[in-house]
Amino acid sequence: MNILITGGAGFIGSNLTQYHLNLNDDIYIIDNLVTGNKKNIEELTNKKKLTFIEADITSFDFLKLPVFDVIYHLASPASPVQYKKYNIETMMTNSLGTYKMLEFFKSSGSKTFVISSTSETYGDPLVHPQTEDYWGNVNPVGVRSCYDEAKRFSEALVMSYYRRYDLNVRIARIFNTYGHNMEKNDGRVVSNFIMQSITNEPLTVYGKGDQTRSFCFVSDMIEGLYALGKTDNIKGEVINLGNPNEMTVLKLANLVKKMTDTKSEIVFKPLDEDDPKKRKPDISKAKKLLNWQPSVSIEEGMRKTIVYFKQRFL
Ligand code: NAD
Ligand code: UDP
């Protein structure tokens, strides 16, 4: 199969690339490396059929590309620290960038278009767990709006192309994912807690640590995205992908402390504006339509992730 992955040098994109390389597919990546890492590409194995294009999707000339069986459009900064730093780039990537991707998809005759949206489209949710039919609770002018509203626009644009042109599109609402190829300094909670633990620095819990998240190991997420790309008759569907195993941030800090056997203490820092108080995916739709559910426990996923961080960054 011919596969295009935007954002393929990033965390999820590089894992998805390796998955497709293992299937012996022909892969094109477009990535401008704004938050991605060339090392993620260099360390891929079996990459004879990989073409890496360093470019920004908002200005790339797509006419040079072939027809694809599946386009995974993942390009976008994703960690709060990064999307706040690159706020305007994040908005342009998820608006103009998604528009360019959809125009290319429509004109090229490519078969399937999968886009990575986010649980942030639910904002600070008033419905728990979050089902796909919940419209969300988003501050349109808050510090997270550059990401939340951009992703909501991106979803709306995809659905507009679907309604007008009957395109074969699918939207993944991805919940917190962790694992191999995360960056050490992208500010996400899993990377922060692991790096802090293995370098004997204090673990920084924001607020009281009673806010919740539900963490999905990356191999489960990749299988979910793959299922979204290959399943028939799900055109125009929006599907949550994540692990419903919800926990408080403080519990995660204590788990990482225990698993790394660190001497680090926990310190409490101020909570940022609009930080969602709770988050947990309802994945009934993914189970029913994709026959997918995560299988890696938090202990197993964290064990592998800690090994990765030690190998790459110590
Ligand atoms: P990441 O930052 O590691 O990867 C994103 C990649 O996109 C990077 O390699 C970056 O350089 C590239 N990129 C950004 N803007 C670009 C542009 N204009 N042109 C070309 N490339 C560009 O993030 P990730 O965690 O791998 O996230 C991938 C996707 O999944 C994103 O769309 C994100 O919104 C979504 N997502 C991720 C999570 C998570 O927990 N990791 C949760 C929800 C949604
Ligand atoms: N968080 C924390 N300490 C950190 C980094 C994050 O307590 O060093 C908290 C953050 O306030 C949020 C949760 O962990 O409540 C998840 O944060 P992350 O940045 O990983 O992603 P989010 O789910 O907020 O997009």
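Residues numbered from 1 in each chain as written. Chains lettered and ligands numbered in written order. Predicted model: local features only at pLDDT ≥ 70, side-chain atom pairs only at ≥ 80, totals over all residues. Heavy atoms only, no water.

(A) Fine view of the nonpolar core. Judged by nonpolar contacts, the single largest core of 57 residues is most densely connected at Tyr72, Leu225, Leu241 and Leu290. For this core, the element with the highest residue contribution is helix α7 (residues 218-230), accounting for seven residues. Judged by nonpolar contacts, the second largest core, of 25 residues, contains Ile57, Phe104, Val158 and Tyr161. (Core = buried A, V, L, I, M, F, W, Y, C linked by side-chain atoms within 4.5 Å. Buried < 20%, exposed > 50% of the residue type's maximum accessible area, 1.4 Å probe, protein only. Helix = DSSP H or I, 4+ residues; strand = E, 2+ residues; numbered from the N terminus.)

(B) Representation of the packing of helix α8 (residues 249-260) against helix α10 (residues 298-313) in the model. Closest axis-to-axis distance for the α8/α10 pair is 11 Å, and the angle between their directions is 60 degrees. Judged by the angle between their axes, α8 and α10 are oblique. Crossing of α8 against α10: the hand is right-handed. Across the interface between the two elements, Leu255, Val256, Met259 and Thr260 of α8 pack against Ile298, Glu299, Met302, Arg303 and Ile306 of α10. When grouped by side-chain class, the residues that make up the contact of α8 with α10 number six nonpolar, one polar and two charged. (Axes fitted to C-alpha atoms, helices over the stretch in contact; angles between N-to-C directions. Parallel < 35°, antiparallel > 145°, perpendicular 65-115°, else oblique. Left-handed = near helix turned anticlockwise from the far one by under 90°. Contact = heavy atoms within 4.5 Å. Nonpolar A, V, L, I, M, F, W, Y, C, P; charged D, E, K, R; others polar.)

(C) Highlighting the sheet that holds strand β4 (residues 70-73). The seven strands are arranged β3-β2-β1-β4-β5-β6-β11 in an open sheet whose pairing can be described as parallel. Two strands in the sheet have a free side with no partner beyond their single neighbour: β3 (50-54) and β11 (237-241). Neighbour to neighbour, the strand axes of the sheet diverge by 20 degrees on average, direction disregarded. Across four bridges, the pairing between β4 and strand β5 (residues 112-118) is parallel. Counted as the bridge partner of Tyr72 is Val114 from β5. Against the sheet, helix α5 (residues 145-165) makes contact with β5 and β6 (169-174), and its axis sits at roughly 155 degrees relative to β5, the strand it touches most. (Pairing = 2+ DSSP bridges.)

(D) Geometry of the packing of helix α6 (residues 189-198) against α10. For the pair α6 and α10, the least separation of the axes is 10 Å and the interaxial angle reads 60 degrees. For the element pair α6 and α10, the recorded crossing hand is right-handed. In contact with Val190, Ser191, Ile194, Met195 and Ile198 of α6, α10 contributes Met302, Thr305, Ile306, Phe309, Lys310 and Phe313. Taken together, the residues that form the contact of α6 with α10 break down as eight nonpolar, two polar and one charged.

(E) Broad picture of the site of ligand 2. The environment of ligand 2 is formed by 18 residues, the closest being Asn192, Thr204, Tyr206, Arg213 and Asp275. Within the contact set of ligand 2, a nitrogen atom lies 2.6 Å away from a backbone nitrogen or oxygen of Thr204. Arg279 places a polar side-chain atom, nitrogen or oxygen, 2.8 Å from an oxygen atom of ligand 2. The fraction of the free accessible surface of ligand 2 (520 Å²) that becomes covered by protein chains is 95%. Of all the elements in the fold, those that place two or more residues in the shell around ligand 2 are α6 and β8 (203-206). Of the residues belonging to the shell around ligand 2, the class tally is seven nonpolar, five polar and six charged. (Near = heavy atom within 4 Å. Polar contact = N/O pair within 3.5 Å; in protein donor to acceptor, adjacent residues only side chain to side chain. Areas by Shrake-Rupley, 256 points an atom, 1.4 Å probe, with all protein chains shown as cover.)

(F) Broad picture of the site of ligand 1. Close contacts around ligand 1 come from 29 residues, with Asp31, Thr35, Leu74, Ser116 and Tyr147 the closest. Here an oxygen atom of ligand 1 sits 3.4 Å away from a polar atom, N or O, in the main chain of Leu33. Separating an oxygen atom of ligand 1 from a side-chain N or O atom of Ser116 is a distance of 2.8 Å. For ligand 1, whose free accessible area comes to 820 Å², the fraction covered by protein is 96%. At the level of secondary structure, the elements contributing two or more residues to the shell around ligand 1 comprise α1 (11-22), β5 and α5. It is β5 that provides the largest number of residues to the shell around ligand 1, a total of three residues.

(G) Focus on the packing of aromatic side chains. Enumeration according to the criterion identifies 14 aromatic pairs in this entry. With a centroid separation of 6.0 Å and 15 degrees between ring planes, the pair formed by Tyr122 and Tyr134 is classed as stacked. With Tyr122 in the loop between β5 and α5 and Tyr134 in the loop between β5 and α5, this pair connects stretches of sequence that are 12 residues apart. Taken as a pair, Tyr122 and Tyr134 share a single burial class, namely buried. Consider the rings of Phe309 and Phe313, whose centres lie 5.5 Å apart with planes at 40 degrees: the pair is tilted. (Phe/Tyr/Trp six-rings, centres within 6.5 Å; stacked < 30°, edge-to-face > 60°.)

(H) Examining the environment of Gly236 more closely. Of note, Gly236 is situated in the loop between α7 and β11. Distance from Gly236 to Gly136, taken between C-alpha atoms, is 19 Å for residues 100 residues apart in sequence. Gly236 has contacts with Met159, Tyr162 and Val169, leaving out every residue within four places of it along the chain.

By themselves, these observations are geometric and do not establish any function.
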